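The residues making up each chain are set out below.
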Amino acid sequence: MHTLRLFLLLLTALGGVSHTYCAAQQSNSAQDNVKYDREYALEATMLGYFGKDGARNPVLKANKGDRVRITITNGEQMTHDIALEKLGLKSKTIQEKGATTSIAFVAQQSDTYFCTVPGHRTAGMVGNFEVVEGAITGNTVAGQVPTRNGQTLNLGFEAGTLKDWTATGEAFAQPLFNQDPSPVHEKEMRIGYEGKYFLSSGGVTNAKLTGTLTSTPFQVTQPFAAFRVSGGALQDTRVELVQAGTNKVVFQITGQGRATLQPVVVDLQPYLNQEIFIRIVDNETGLSQIPYIPHDKWAHINFDDFQLYPSRPDFPNELKPKDIIILPPLDPVLNAGLSGIKAAEAMTPPKGFKVTLAAAEPDVVRPISFTIDARGRLWVVEGHTYPTPAPEGQGRDRILIMEDTNGDGTLDSRKVFMEGLNLVSGIEVGMGGVWLGAAPYLLYIPVDAKTDKPAGPVQKLLDGWGTQDTHEVLNSLRWGPDGWLYGTHGVFTHSNVGKPGAPDSERTKINAGVWRYHPTRQTFEVFAEGSSNPWGIDFNDYGHPFITVCVIPHMYHVIHGARYQRQAGKHFNPYTYDDIKTHADHVHWVGERGPHAGNFRSASAGGGHAHSGAMIYLGHSWPQEYRNQIFMNNINGSRLNIDNPTRAGSGYMVTHRPDFMAMNDSWSQWLNFKYDASGSVWAIDWYDKNQCHSPNPDVHDKTMGRIFKITHENDKWVKVDLTKASDEQLVKYQLHPNDWYVRTARTILQERGPNKKVHAALKDILAKNPDATRKLRALWALHVTGGLTDKELHNLLAHDNEYVRSWAIQLLTEDKAVSPETLKQFTTMAQKDASALVRLYLTSGMLRLEPAQRWEVMEALVQRAEDKDDHNLPLMAWYAAEPLATVDVKRALQLAEKAKLPNILTYMKQRVEAIGTDEAKKALSDFNARLGMVEHSGH
């Protein structure tokens, strides 16, 4: 009680206590009138909190009873805050570079400070606060500068020259500086050098210079050494201690990506009385290969003050090798700006494969999206309007229909379907027309199949799609197995989607995630929320979708109703509390300094963080090892990555496979790729020296574009036209080993509508085919053609195959209502079904039903202890259970009390507290009192 009373008294003096957090005020608040015993100022970045002396996540100390204020300044354009774990104290959130915020408290116990923004603590924004007795700072033992022949060596550069050093290259031609701030570093960076001078191989202004500086040898007369270092955490910017005579490197270290010099301590006991020398290496140019990306300002090394010590010196801001994440050298760029033919020749596909140029500028320019129709033709969008939307009616985008008429790999037929479109970012064909994502609209254009011309005016199905960030607009349109049109959407574009003229109450917000639209019911919904900037979605053999994203970890198995890790912003539901993280066990960038630090240095890990396109190969001609593998283009790495999803618990674990191939061309930008009727893969290449989005249209090349074809020696070209197939043939195509036939035939059957003979044939496959994937194909085709009654779907809930049961749940809940009999069966399944996948689909299904109908199912699901460590189920169960708090507070708390899944009880108590009514407060108080009595009695 004493601690709490002191804490509250101080906060009262500071201007009050907030409801949930005793939060800090800005620096211009009442805090400024309070005298603090300890003031700490830290810079906040994703790499950690940095003290003025350069220490990363320094240990902050105070005596008991001290009044302490910790102020953070944002070192980047990113969301950050600072919190104390035990006190539950949290600052306001800051986003702009240079913004500040703080927390103030009375020091009573040691604690942990950290950033509460999801993922930031894990990324390394965490340190210790310690309550200590006596003096906060200690004294360091004195050192001495090494000598040679009785003369003190110039190892701290106090002579103002490079006496006792030998330089090669340009980096050390004029390397000494005596100003802080330094004339060659960022002005806000403090160098903190000792004496009159320090050395830099270039600072941030001359980082492209390279060279080596070597000291004269000297004898190790003391067991320890220390020196100061800063600069790039790069493999080729480093300080080495080298054994004279053998040239053996006995110690090396880099900077940690900051300018402030920090002391480094070296144990030289094994080399006492031997000679060593210092070698300062800068072989890193830092030159960016991409025109719009600045050169690396940390491609240099700073050094000062080498001394020997009789015992190990203690520095509060000591830099230790284990704390530095070193980046490798830049990836070699073999080519840039090649012709289409040369670009194809430069690629290195696996043995048995070849890449050919199918089309290039001027026949195709700026291909931004494409699809393949039932005749095997490519419908290609040329994105001439990007990146700036044109005024209404002045768009310049167009749609081409391109075809390889003779199987030689060249798209020798080219038609213009439509011109004058605006900011088109996605295309799909089927159901009698062309579907276009063209923010602010989702468009439909009916097609005259005989003339390949529009059969009517452009229809605006939905509007309200945002254009704030035009490379994060709606994209990657693709038919799902359930007959819905799916697409993805980025995090920095904010959409409020509805039918034209609809009021806000009839619209749906989305700013990151997966959406879908039903072509005949004309209904729109968000399928899953979160991620970053997905630009690719595809479905595996079991109808499970996956997306590929950028910046954050790249791979997500898309679960209906899920909420995924976000690159930025908050979930629309404020009671989400936590979100589902990547389904991959890896990332495609190197190091732990964040995704951007690995740009153009990450070939060893897959190429980098930026991905475009998603293809789960379900063709029939490529080697079996590629089936159900996820292909994605790695934009910075100019290569095709492959990931391998395998079932794990309720979903998947996705592992990295060797890259399929490298394009070996830094201008290469494949945006999407799809397999065709022959099993071959077509790919569109935006081809541009600028690898990243910019709102400035002048940084993009406007004249180039390519389409490539990847073929395996097993591929056999076929000329197809499934529009001419009979209903019987379309049903048989549901058994084809190439999913292109399966999907295309299913969409045609959906367009043709219900047919009793079709339904009978599909039900025969569903009942008799032993392969679960073939049963699912029949089930999906029956669904899209209206061939299943609710009773038939209900009966499938007892099927012996988990995939069939789970899909029956999804299809039964599609209309957001089920019969009492089905709901009762759901409860039984929640209690007894052995499949985690089925339980996952049950949680998704509950999210579609009215909360009052969820009780029995959720009460059973949260008690399934076998799911406590599942990647998806604990959070999915929370998302489905959360609204129950507003239906019946007491029952919701009782449900949470019985839960065997982690955090359900904690989150439910938070949710009830957030309701804020007298009834909710009393229910929570009574519940906590009873829970405390139970825990105290040991029951």
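What you see as residue numbers is a count from 1 along each chain, following the sequence as written. Reporting in this predicted model follows two pLDDT cut-offs: at least 70 for local features of residues, and 80 or more for side-chain atom pairs to be given and counted; totals over whole chains, interfaces and linings ignore these cut-offs and use all residues. To get the side-chain values, all heavy atoms of the structure are used, and hydrogens and water are removed first.

S.K.: I'd like a description of the overall build of the chain, backed by residues and values.
M.R.: Helix and strand counts for the chain come out as 16 helices and 49 strands. Atoms considered for the radius of gyration are the C-alpha atoms alone. The globule rule reads 2.2 Å times the number of residues to the power 0.38. Here the C-alpha radius of gyration of the chain, 32 Å, is about what a compact globule of 939 residues would show, namely 30 Å. Principal-axis analysis of the C-alpha atoms gives the chain an extent of 100 × 75 × 50 Å. Think of it in three bands: residues with accessible area under 20% of the maximum for their type are buried, residues over 50% are exposed, and the middle band is partly exposed, with areas taken using a 1.4 Å probe on protein chains only. Within the chain, buried positions represent 58% of all 939 residues. For every accessible area listed, the method is Shrake-Rupley and the probe measures 1.4 Å; residues are considered covered only by the protein chains on display. When the accessible surface of the chain is summed, it comes to about 37,500 Å², and 50% of that surface belongs to carbon and sulfur atoms. Numbering of helices and strands runs from the N terminus; a helix is a DSSP stretch of H or I covering at least four residues, while a strand is a stretch of E covering at least two.

S.K.: Now, about the pairing of strand E45 (residues 639–648): what can you tell me, with residues and values included?
M.R.: Within E45, seven of the 10 residues are buried, which leaves the element mostly enclosed by the surrounding structure. Only strands that DSSP links by at least two bridges are regarded as paired with each other. The turn linking strand E44 (residues 630–634) back onto E45 is made up of four residues, and Ser-638 within it adopts a positive phi angle of 50°. Pairing of E45 with strand E46 (residues 651–662) involves nine bridges; the strand directions are antiparallel. Counted as the bridge partner of Arg-647 is Tyr-652 from E46. Taking the residues between adjacent antiparallel strands as the criterion, E45 and E46 are bridged by two residues, where Gly-649 takes a positive phi near 60°.

S.K.: Please set out the packing of helix H7 (residues 772–784) against helix H9 (residues 802–812) residue by residue, giving values where relevant.
M.R.: Interaxial angle, 0 to 180 degrees, is taken between N-to-C directions of lines fitted to C-alpha atoms, where a helix line uses only the stretch in contact. Where H7 meets H9, the closest approach of the two axes is 10 Å, and the angle between their N-to-C directions is 15°. Considered as vectors, H7 and H9 are oriented roughly parallel to each other. Of the two possible hands of crossing, H7 and H9 adopt the one that is right-handed. Contacts from Lys-775, Leu-776, Leu-779, Trp-780 and His-783 in H7 reach Tyr-803, Val-804, Trp-807 and Leu-811 in H9. Residue classes follow a fixed rule: Ala, Val, Leu, Ile, Met, Phe, Trp, Tyr, Cys and Pro count as nonpolar, while Asp, Glu, Lys and Arg count as charged, and any other residue, Gly among them, counts as polar. By residue class, the composition of the contact of H7 with H9 is seven nonpolar, one polar and one charged. Convention used here: angles under 35 degrees read as roughly parallel, angles over 145 as roughly antiparallel, angles from 65 to 115 as roughly perpendicular, and any remaining angle as oblique. Crossings are classed by handedness, with left-handed meaning an anticlockwise turn of the near helix from the far one by less than a right angle and right-handed meaning a clockwise turn. We call two residues in contact when some of their heavy atoms are within 4.5 Å.

S.K.: Can you break down the sheet that holds strand E1 (residues 38–45) residue by residue, with the values?
M.R.: What holds strands together in a sheet is hydrogen bonding between their backbones, with the strands either parallel or antiparallel. Taken in spatial order, the four strands of this open sheet run E2-E1-E4-E7, and their pairing is mixed. The open sheet terminates on both sides in strands that have one partner only, identified here as strand E2 (48–50) and strand E7 (100–106). Taken over all neighbouring pairs, the strand axes of this sheet differ in orientation by 30° on average, direction set aside. With three bridges joining them, E1 and E2 adopt antiparallel strand pairing.

S.K.: Tell me about the packing of aromatic side chains, residues and numbers included.
M.R.: Geometry of an aromatic ring pair is reported as the spacing of the ring centres plus the angle between the planes. Each aromatic pair joins two rings of Phe, Tyr and Trp (for Trp, the six-membered one) with centres within 6.5 Å, and gets the label stacked for planes under 30 degrees apart, edge-to-face for over 60, and tilted for any other angle. In total, this model carries 46 aromatic pairs according to the counting rule given. Pairing Trp-878 with Tyr-907 gives two aromatic rings, centres 5.6 Å apart and planes at 55°, and the pair type is tilted. Taken together, the residues Trp-878 in helix H13 (residues 873–881) and Tyr-907 in helix H15 (residues 904–915) connect sequence positions 29 residues apart. Overall, Trp-878 belongs to the buried group, its relative accessible area being 0%. Taken together through their ring pairs, the aromatic side chains of Phe-157, Trp-165, Phe-218, Phe-227, Phe-251, Phe-303 and Phe-306 make up a single cluster. Working rule: Lys NZ or Arg CZ, within 6 Å of ring centre, within 35 degrees of ring normal, means a charge sits over the ring. Directly above the ring of Phe-50 sits Arg-258, whose terminal nitrogen or CZ lies 3.8 Å from the centroid. Over the aromatic face of Trp-484 sits the side chain of Arg-516, whose NZ or CZ is 3.8 Å from the ring centroid.

S.K.: Any details on the environment of Asn-247? Residues and values, ideally.
M.R.: Mapped onto the fold, Asn-247 is located in the loop between strand E18 (237–243) and strand E19 (248–253). Between the C-alpha atoms of Asn-247 and Phe-277, which are 30 residues apart in sequence, the distance is 9.2 Å. When near neighbours in sequence (up to four residues on either side) are disregarded, Asn-247 contacts Val-242, Phe-277 and Arg-279.

S.K.: Kindly report on helix H5 (residues 739–752), identifying the contributing residues and their values.
M.R.: Every helix has an expected span of 1.5 Å times one less than the residues it contains. Here H5 contains 14 residues, and its C-alpha end-to-end distance of 20 Å stays within 8% of the 20 Å for a straight helix at 1.5 Å per residue. Within H5, 12 of the 14 residues are buried, leaving the element largely enclosed by the surrounding structure. All of the buried residues along H5 are Asp-739, Trp-740, Tyr-741, Val-742, Arg-743, Thr-744, Ala-745, Arg-746, Thr-747, Ile-748, Leu-749 and Gln-750. Where H5 begins, the side chain of Asn-738 points an oxygen toward the backbone nitrogen of Trp-740, at a separation of 2.9 Å. Once H5 ends, the next one or two residues include Gly-753, with phi positive near 90°. We call two N or O atoms a polar contact when they sit within 3.5 Å, provided that within protein one can donate a hydrogen and the other can accept it, with sequence-adjacent residues counted only if both atoms are side-chain atoms.

S.K.: Tell me about the sheet that holds strand E39 (residues 537–539), residues and numbers included.
M.R.: Reading across the sheet, the three strands line up as E39-E40-E41 and stay open at both edges, with antiparallel pairing between neighbours. Only two strands of the sheet have a single partner each, and these edge strands are E39 and strand E41 (555–557). Strand-to-strand, the axes of this sheet are offset by a mean angle of 20°, without reference to chain direction. Sheet topology places strand E40 (residues 545–548) next to E41; three bridges connect them, and they run antiparallel. If you follow Phe-546 over to E41, its bridge partner there is His-557.

S.K.: Which residues make up the side chain of Arg-228, and what are the values?
M.R.: Within the secondary structure layout, Arg-228 lies in strand E17 (residues 224–231). Overall, Arg-228 belongs to the buried group, its relative accessible area being 14%. Looking at Arg-228, its side chain comes within polar contact range of the side chain of Glu-194, at 3.4 Å. Not counting residues up to four positions away in its chain, the partners in contact with Arg-228 are Gly-192, Glu-194, Leu-261, Gln-262, Pro-263, Asn-302, Phe-303, Asp-304 and Asp-305.

S.K.: Can you explain the confidence of the model for the chain? Please cite residues and give values.
M.R.: When the pLDDT values of the chain are averaged, the result is 93; 95% of them are 70 or greater. The score called pLDDT rates the predictor's confidence residue by residue, from a low of 0 to a high of 100. Counting contacts from residues 1–31, a segment whose pLDDT is below 50, to residues more than four positions away or on other chains yields 53 contacts.

S.K.: Describe the pattern of salt bridges, listing the residues and the values that go with them.
M.R.: In the sections that follow, a salt bridge refers to a side-chain nitrogen of Lys or Arg positioned within 4 Å of a carboxyl oxygen of Asp or Glu. Scanning all chains against the criterion turns up 60 salt bridges. Ionic pairing is found between Arg-507 and Asp-463, a salt bridge with its closest N-O pair at 2.7 Å. Placement of Arg-507 in the loop between strand E35 (495–497) and strand E36 (508–510) and of Asp-463 in strand E32 (residues 459–463) is noted, with a sequence separation of 44 residues between them. In terms of burial, Arg-507 and Asp-463 fall into one category: buried. One network of salt bridges, with partners in common, ties together Arg-478, Asp-538, Asp-541, Arg-627, Asp-739, Arg-743 and Arg-777.

S.K.: Please give an account of the nonpolar core that cites residues and values.
M.R.: For our purposes a nonpolar core is just a set of buried Ala, Val, Leu, Ile, Met, Phe, Trp, Tyr and Cys residues, chained together by side-chain atoms within 4.5 Å. Of all hydrophobic cores here, the largest spans 182 residues; its most connected members are Ile-707 and Phe-826. For this core, the element with the most residues is H13, which contributes eight residues. The contact partners of Ile-707, leaving out residues within four places of it in the chain, are Thr-356, Leu-357, Ala-358, Ala-359, Val-364, Leu-378, Val-380, Met-402, Leu-411, Trp-682, Ala-683 and Ile-684.

S.K.: Talk me through the packing of helix H6 (residues 756–768) against H7; I want residue IDs and the actual numbers.
M.R.: Where H6 meets H7, the closest approach of the two axes is 8 Å, and the angle between their N-to-C directions is 150°. Judged by the angle between their axes, H6 and H7 are roughly antiparallel. Here H6 and H7 pass one another in a crossing that is left-handed. Across the interface between the two elements, His-759, Leu-762, Lys-763, Ile-765, Leu-766, Ala-767 and Lys-768 of H6 pack against Arg-774, Lys-775, Ala-778, Leu-779, Ala-781 and Leu-782 of H7. Across the contact of H6 with H7, the residue classes tally to eight nonpolar, one polar and four charged.

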